[in-house]
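Coordinates in review
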Amino acid sequence: MLHTGDAGRGDESGDAGRAQASVLGVALLLGITALGVTLVVVIGAAGLNDIEGTIEQGQAETALTQLDAKAARVALGDSQVQTVPLTRSGRGGALTAAATGRIVVEAQDGTEYLNQTLGTVTRETSDQVVAYQGGGVWRGTGNASRMISPPEFHYRAGTLTLPLVAANPADAGTGEEVTLQAAGSRQGLGPGVVREQILTVSITSDHYVAWADYFRDRIDGVSVTVHHNNRTVEADLARLDLDGTYRDGLVADGDIGVETPKTVDTAVVSAGSVSDKHGSIECAAGSGSDCITTNTDTRWMALDAGIEVLLDNAEDDHPDANIAGDTTLTSGAYYSEGVGLSGDTLSLDLSSGNVTLFVDGNIGLDGGKIAVENGQDTNHYARIYTNGDVAMATGQAEVSVDSGNASRFQLYGTSEMHFAMGQSKGFTGAVYAPRQAPAEGSNEAVGEYGLTSATSACPTDVDVCVGQGSGDVHGAIIGGPTSIQQGTSFDYGEGLRKVEPRFPAGTALPPPVTYLHISVNRIDVDGASATQGTVTLPGRTIIADLAVSERSDGDEYRFDASGTTEADRVDEYHWDFDADGSRDRTTTGPTTTVACDAGVIDCDSLPDESSVTAVDTSESESETATADYPASSPGPGGNNAPTVDSFSVTDNSECSDVNPGNGNGGCKNKAATDHAEFEISWGASDADGDLNSVTVEVRRDGSLVQTYSSYSGTETYHREGAYGDAYSFTVVAEDAAGNSDSDTIDDPAADGSDP
């Protein structure tokens, strides 16, 4: 039965539901819209913040890079005043100037040449710090710091150029504009020349990691150490490699005497003469004179200072080798205070890695052995670095390598090392102990270990004695005057051709000479919103310098202190010609001479060194320098430059099919057998007798392809298939004082015509 009233109520309920749904839909739509707007606002604001932060950072970097450029103009004298407008960041981009950061330059012997506050101009954005310091611009601090533009720091080929810009906080301002004004400078800091010393540059800064990256990435020849605890980086200005080779098996700074009738199968290089009693010398290139180079420059850098550095640290850094009785050392580095083996064996096991031994003292093998084992089919080596002498004697004494590869054992010594073997089984390996003069004294290992038979067959004036007996040398020896006696043989170790002499990775070696050009240029920074502290210029410090030279064929010596810094402050020079602590002479000028017949010094038995004290009497300041007497030389002494006495190049190039109208230098086909060949002759001398090096360089199409080093000589350069290439030839002679002379010959093309 149909109920009309009930039906009406049902229709009303449906309308209400539809009405409610409509309201809910609108509310939901409004909620979604509101949420979307909120998300857009939140996310958009974050994005805008990121964009704003990036813009702020870019503005800060641009502003301080501009400040850097204008500061350089003021510091280097192009302008007395420069103004830098700065865009305000609006969010904490305050510009401040503070006397923070420090640079120290000191030598290995502790002499300090510079200790200077850098001064820092900083701009902080909402999330970053950008700073101008030491002539560079840096972003971030600590581990997050990065370089924006480099500082004024240059080290190349042994020359340090450091025109330091020191930013001094001056009058504060709004930070919207900065004025830079020149505020004085100190020029010529340091002695000008430092010999055989590692220089360390230390930077203490909030941006120390960026400084460290700069030294590693931009400066050649540095070893970098970072100290996070005090925000300091140390850069050692040094050599990181050795300059010699093992390509010639026997190299001596002095004469070589070959007395053995057995074979000496190696190239022989001598700074003096070579005598070959039985015609024993031969090599891959031929025999006799084909294998011998005499009167040549063998003076690679001595290792004395480098080995001193290694041994200074070795006792603390490495375990004691505990060499007593038969001993085996596996991969790693070890320290030993001398090595004495009497019938015992020291085994160096290369199976798992390199073995390195630092020896502070002499090495004596009294029937003992050093055995290098398990190095075959590896790239592992055993290396010994010592500041003492080496002696091997009695029948079983031996240095052996089980694979026979001489490169697996390398012995490194100072310029004073004596090496001797006599009545022993033999030596396999390489000895690398270059020098500029024969060693003084006798072999101390002989005396310490009672090994007189090690040297008994040799003259007393040699540094290297391969003495009587049946022992053989397989490898290479680089040292001083050498004698090879009866019953021994010597053959070159071909494995050495593929390796170079080296120090442990990361070892910093002192350059022979470092030239210093250090100045501090202060600029006042006016207008920063906040300033703190004062950057002062370095004090005027006297640093004495002394050089001693021989004159008049050894009848007189000249003492020169003219390299002393702040010389205008020095009013007296106190001379002590025998460095005994007693003043021998006082002068007002920086040079003086002493004749041998004046009774002041005994020229037949010269003192070890002399000294000078530079004195500023008004300020009661003084500084003392010492210098060794030079080895006797035939020249008159002084500061004369060397001369290239002769230099010629004869073109003996050949072409099988000459066609002057053709390219390739007139060689029609330019076959592989068509070659460039030049005979190069040269000679150089120095009136002072201090000629240090003579180098001839051959360049092909601008690239260096060959180098010869000797005071004089004739060499033939030959290259197959290179007819018609452009060549140039340059000879450079340099003396111990750094004076030089050079000559260049250009050959447009190797075309068979004498250039």
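The following refers to the structure shown. (Residues numbered from 1 in each chain as written. Predicted model: local features only at pLDDT ≥ 70, side-chain atom pairs only at ≥ 80, totals over all residues. Heavy atoms only, no water.)

1. Some details on unusual backbone geometry
Selection criterion: Helix and strand definitions follow DSSP, with helices as H or I runs of at least four residues and strands as E runs of at least two, each counted in order from the N terminus. Type-normalised accessible area, obtained with a 1.4 Å probe on protein chains alone, sets the label of each residue: buried when under 20%, exposed when over 50%, and partly exposed for intermediate values.
Positive phi is not limited to glycine here, since Asn-295 has a value of about 50°. Tracing the backbone shows Asn-295 in the loop between β23 (292-293) and α3 (304-317). Overall, the relative accessible area of 48% leaves Asn-295 in the partly exposed class. Phi is positive for Asp-377, which is not a glycine, with a value near 60°. By secondary structure assignment, the location of Asp-377 is in the loop between β30 (369-373) and β31 (382-386). On the basis of relative accessibility, which here comes to 77%, the residue Asp-377 falls in the exposed class.

2. Quick notes on helix α2 (residues 208-218)
Worth spelling out the cut-off: The criterion used for residue contact is that any of the two residues' heavy atoms lie within 4.5 Å.
By the burial criterion, the buried members of α2 are Tyr-208, Val-209, Ala-210, Trp-211, Ala-212, Tyr-214 and Phe-215. In the core, the buried residues of α2 are packed alongside β6 (129-133), β7 (136-139), β8 (146-149), β13 (199-204), β14 (222-227) and β15 (232-237).

3. Considerations on the state of the cysteines
Here is the rule we go by: Note on disulfides: each one is a pair of cysteine sulfur atoms within 2.5 Å.
Under the counting rule described, the total for this entry stands at 3 disulfides. Covalently, Cys-596 is tied to Cys-603 through a disulfide, its sulfur atoms 1.7 Å apart. Disulfide Cys-596-Cys-603: the torsion about the S-S bond is -90°, which places it as left-handed. Residue class for Cys-603 comes out buried when judged on its relative accessible area of 18%.

4. Observations concerning the sheet that holds strand β2 (residues 95-98)
To be explicit about the condition: One requirement defines pairing of two strands: DSSP has to find at least two bridges between them. Helix axes are fitted to C-alpha atoms over the stretch in contact, other axes to C-alpha atoms as well, and angles between N-to-C directions run from 0 to 180 degrees.
In spatial order, the strands read β8-β7-β6-β5-β2-β42; together these 6 strands make up an open sheet with mixed pairing. Each edge of the open sheet carries a strand with a single partner, namely β8 and β42 (530-532). Strand after strand, the sheet turns through a mean of 25° between neighbouring axes, direction not considered. Sitting on the sheet, α2 is in contact with β6, β7 and β8, with an inclination near 70° to β8.

5. Comments concerning the packing of aromatic side chains
We apply this condition: Each pair of aromatic rings taken from Phe, Tyr and Trp, with Trp reduced to its six-membered ring, is defined by centres within 6.5 Å and is described as stacked if the planes are under 30 degrees apart, edge-to-face if over 60, and tilted in the remaining cases. Any Lys NZ or Arg CZ that is within 6 Å of a ring centre and within 35 degrees of that ring's normal is treated as a charge sitting over the ring.
Scanning the model with the defined rule gives 23 aromatic pairs in all. Ring centres of Tyr-557 and Tyr-629 lie 5.6 Å apart, and the angle between their planes is 80°; this geometry places the pair in the edge-to-face category. With Tyr-557 in strand β44 (residues 556-560) and Tyr-629 in the loop between β49 (621-628) and β50 (643-651), this residue pair connects regions lying 72 residues apart in the sequence. Across the pair, exposure class does not vary: Tyr-557 and Tyr-629 are buried alike. An angle of 10° between the planes, with centres 6.5 Å apart, marks the rings of Trp-575 and Phe-577 as stacked. Taking the relative accessible area as the measure of exposure, Trp-575 reaches 1% and is therefore buried. Here a set of aromatic residues connected by ring pairs shows up, and it is made of Tyr-246, Trp-300, Phe-358, Tyr-385, Tyr-412, Tyr-432 and Phe-503. Over the face of the ring belonging to Tyr-381 we find Arg-408, whose NZ or CZ atom lies 5.1 Å from the ring centre.

6. Points about the sheet that holds strand β55 (residues 727-735)
Reading across from one edge, β53-β52-β55-β56 is the order of the 4 strands in this open sheet, with antiparallel pairing throughout. A strand with exactly one partner marks an edge of an open sheet, and here the two such strands are β53 (703-709) and β56 (740-747). Neighbouring strand axes in the sheet, compared pairwise and without regard to direction, differ in orientation by 15° on average. As paired elements, strand β52 (residues 691-700) and β55 share 9 bridges and run antiparallel to each other. Counted as the bridge partner of Val-696 is Val-731 from β55.

7. Some details on the environment of Ser-622
Structurally, Ser-622 can be placed in strand β49. Here Ser-622 falls in the partly exposed class, since its relative accessible area comes to 44%. For the pair Ser-622 and His-574, spaced 48 residues apart in the sequence, the C-alpha separation amounts to 9.9 Å.

8. Some remarks on the layout of surface pockets
To be explicit about the condition: We place a 1 Å grid over just the protein atoms. Points where a 1.4 Å probe fits but has no way out form a cavity, open points with protein on both sides within 12 Å along at least 5 of 7 lines form a pocket, and any residue with an atom within 4 Å of a point lines it. Grid points are joined across faces, edges and corners, and a volume is the space filled by probe spheres set on the points. Charged residues are taken to be Asp, Glu, Lys and Arg, nonpolar residues to be Ala, Val, Leu, Ile, Met, Phe, Trp, Tyr, Cys and Pro, and polar residues to be all remaining types, Gly included.
Roughly 520 Å³ of internal volume is contained in the second largest pocket. Lining the second largest pocket are 20 residues, with Ile-198, Asp-236, Val-309, Asn-313 and Ala-508 positioned closest to its centre. With 5 residues, the top contributor of residues to the lining of the second largest pocket is α3. For the lining of the second largest pocket, the residue count by class is 9 nonpolar, 7 polar and 4 charged.

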